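An overview of the molecular structure
One-letter residues, chain by chain:
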Amino acid sequence: RLEMKSQPFTTRQEHFFFICLSILANLADNVATLRKMVKKGLVPIVVGCLQMKSVKSLMVSLQLLRLSSIFEETAVEIATQGQNVIPKLVCMLQVQCVDIRSDVISILFNLSFLEQCLDLISNQEGVHKFLVDNLHEEQLNQRALCLVYHLSSK
């Protein structure tokens, strides 16, 4: 399995990954193809790409993670691999880009259907405050409200 190292990407590497991930995102429109990609190890690759500096590269990484987060295998892998994915995602809630925050909230919502992920999300410092504080944001309010409701049902 290809494992991503935690070294920062160069601009050229980020651009290359952006192109590759964009191709994968287009292929992921087909759910059967997306499931095959998840089974072949897409999640660790995308998680490794969450450290990219480029907004467009980060957006396509989050898009792929959002799409793959509908599968239980993805949530199990994130919960059991100790990949610190949920803390990274919660930190991304602080960025100014509303599209990034929207994708992150959707990912957290999808992951929260697995009990271990729900516990990890609920235990993250500041996640509840952020969600409540951003209920006024038109682009985030429906997703944030769904996640708040789901987290409160625990």
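A short tour of the structure in this document, coming up. (Residues numbered from 1 in each chain as written. Predicted model: local features only at pLDDT ≥ 70, side-chain atom pairs only at ≥ 80, totals over all residues. Heavy atoms only, no water.)

Let us now look at the overall build of the protein. Secondary structure assignment for the protein yields 10 helices and 0 strands. Along its sequence from the N terminus, the protein presents helices and strands in the succession α-α-α-α-α-α-α-α-α-α. The globule rule puts the C-alpha radius of gyration for 154 residues at 15 Å, and the 15 Å found for the protein is close to it. Judged by the C-alpha coordinates and their principal axes, the protein covers about 40 × 30 × 30 Å. Out of the 154 residues in the protein, the part that is buried amounts to 44%. (Helix = DSSP H or I, 4+ residues; strand = E, 2+ residues; numbered from the N terminus. Rg over C-alpha atoms; globule rule 2.2 N^0.38 Å. Buried < 20%, exposed > 50% of the residue type's maximum accessible area, 1.4 Å probe, protein only.)

Here we take up the pattern of salt bridges. Tallying each qualifying case throughout the model produces 3 salt bridges. When the shortest N-O distance is used, the salt bridge between Arg-35 and Glu-73 registers 2.8 Å. Residue Arg-35 is found in helix α2 (residues 31-39), and its partner Glu-73 is found in helix α5 (residues 72-80); the two are separated by 38 residues along the sequence. Look at Arg-35 and you get partly exposed, because its relative accessible area is 34%. The salt bridge involving Asp-133 is made with Lys-129; its shortest N-O contact spans 2.6 Å. Here the residue Asp-133 and the residue Lys-129 both occupy positions in helix α9 (residues 127-133), the gap between them amounting to 4 residues, near one helical turn. A residue is classified by how much of its surface remains accessible, and Asp-133, at 38% relative accessible area, is partly exposed. (Salt bridge = Lys/Arg side-chain N within 4 Å of Asp/Glu carboxyl O.)

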